[in-house]
Amino acid sequence: MELPTPADLRQRRTELGLTQSELAETAEVSQPLIARIEGGDVDPRLSTLRRIVNALETAESDVVRAEDLMNEAVVSVAPDDAVAEAARKMEEEAYSQLAVIQDGIPVGSISQSDLVHLDSEARDEPIEGHMSESFPTVSKDATLDEISNLLEHYKAVMITEAGETVGIITEADVAARFS
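Let me sum up the structure you'll find in this document. It should be emphasised that the depicted structure is a prediction, and the values quoted were computed from it without experimental measurement. (Residues numbered from 1 in each chain as written. Predicted model: local features only at pLDDT ≥ 70, side-chain atom pairs only at ≥ 80, totals over all residues. Heavy atoms only, no water.)

A cluster of acidic residues, Glu 15, Glu 67, Asp 68, Asp 141, Asp 145 and Glu 146, forms a negative patch on the protein surface. Here Asp 68 is to be found in helix α5 (residues 66-69). Note on Asp 68: relative accessible area 39%, which makes it partly exposed. (Patch = residues over 30% accessible without salt bridge, like charges linked within 9 Å, V, L, I, M, F, W, Y side chains within 5 Å. Areas by Shrake-Rupley, 256 points an atom, 1.4 Å probe, with all protein chains shown as cover. Salt bridge = Lys/Arg side-chain N within 4 Å of Asp/Glu carboxyl O. Lys, Arg positive; Asp, Glu negative; His and termini not counted. Charge placed at Lys NZ, Arg CZ, Asp CG, Glu CD. Helix = DSSP H or I, 4+ residues; strand = E, 2+ residues; numbered from the N terminus. Buried < 20%, exposed > 50% of the residue type's maximum accessible area, 1.4 Å probe, protein only.)

Right, let's get into the layout of surface pockets. Space left empty within the atom packing is revealed by a probe, the size of a water molecule, rolled over the atoms. Roughly 200 Å³ of internal volume is contained in the largest pocket. In terms of lining, the largest pocket is formed by 15 residues, of which the most central are Asn 71, Tyr 95, Gln 97, Ile 168 and Thr 170. For the lining of the largest pocket, the elements supplying multiple residues, two or more each, are β2 (97-102) and β6 (164-170). Among the elements that take part in the lining of the largest pocket, β2 stands out by supplying three residues, more than any other. Along the lines of polarity and charge, the residues of the lining of the largest pocket split into ten nonpolar, four polar and one charged. The wall of the second largest pocket is formed by Glu 15, Leu 16, Gly 17, Asp 62, Val 63, Val 64, Arg 65, Thr 143, Leu 144 and Asp 145. In terms of residue class, the lining of the second largest pocket is made up of four nonpolar, two polar and four charged. (1 Å grid on protein atoms, 1.4 Å probe; cavity = no way out; pocket = protein on both sides within 12 Å on 5 of 7 lines; lining within 4 Å. Points joined across faces, edges and corners; volume = space filled by probe spheres on them. Nonpolar A, V, L, I, M, F, W, Y, C, P; charged D, E, K, R; others polar.)

Looking only at helix α3 (residues 31-38), the buried set comprises Ile 34, Ile 37 and Glu 38. Take α3 and look down its axis: the buried residues cluster within an arc of 95°, on one side only. Here the buried face of α3 lies against α1 (6-15), α2 (20-27) and α4 (46-62). Gly 40 sits one or two residues past α3 and shows a positive phi near 80°. (Arc of directions from axis to C-beta. Contact = heavy atoms within 4.5 Å.)

Our next topic: helix α8 (residues 144-151). Of the positions making up α8, those classed as buried are Leu 144, Ile 147 and Leu 151. Burial along α8 is one-sided: seen end-on, the buried residues are contained in an arc of 65°. In this fold, the buried residues of α8 make contact with α5, β5 (156-161), β6 and α9 (171-178).

Our focus in this paragraph is the sheet that holds strand β1 (residues 76-77). Strand order across the open sheet formed by three strands is β1-β2-β3, with mixed pairing between neighbours. Two strands lie at the open edges of the sheet, namely β1 and β3 (105-111), each paired on one side alone. In this structure, β2 lies alongside β3, joined through six bridges in antiparallel fashion. Among the inter-strand pairings, Val 100 is bridged to a residue of β3, identified as Gly 108. (Pairing = 2+ DSSP bridges.)

The next thing to look at is the environment of Ser 109. Looking at where Ser 109 falls in the secondary structure, it is placed in strand β3. On the basis of relative accessibility, which here comes to 7%, the residue Ser 109 falls in the buried class. When the C-alpha atoms of Ser 109 and Ser 132 are compared, they prove to be 5.2 Å apart, with 23 residues separating the residues in sequence. When sequence neighbours within four positions are dropped, the list of residues in contact with Ser 109 reads Leu 98, Ala 99, Val 100, Asp 114, Met 131, Ser 132, Glu 133, Ser 134 and Phe 135. Looking at Ser 109, its side chain comes within polar contact range of the main-chain oxygen of Glu 133, at 2.7 Å. (Polar contact = N/O pair within 3.5 Å; in protein donor to acceptor, adjacent residues only side chain to side chain.)

Here it is, written out as structure tokens:
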């Protein structure tokens, strides 16, 4: 069993967005003790270290991550698909926007508002000429806070792993999780 270093404890605490006081309260130790342990000024007893690690693990299990929210079935179109195909998929799936994905990589997005202004001749044109910027991408371990911040500015967030699209999250997914 490898014990965490003071730097490991501090890093885990800050990644979880916990203050020293919050961690101390959960671990049932004092905040100054947490500060001294993180600063490397004191070596805690094993029982104290165990309480701190358990408190961190509990806090970590309470964090909602992208992999908890994402839809793995990503309805998308390719850049060389016809605009009519995007319109058909949006209507069929009752979506207002779609990711544009090429070889597993998000390269753009297309929404109903992109299609509204097009004339009938554009129906056979490739989506590539009418798409908007791609939705932002995050990893499976991105937190709900990170995702919510992105959703304030974008209609969706793509989840990627090793560059490949593995899921998508919209405001509806976040709302469904907490309703």
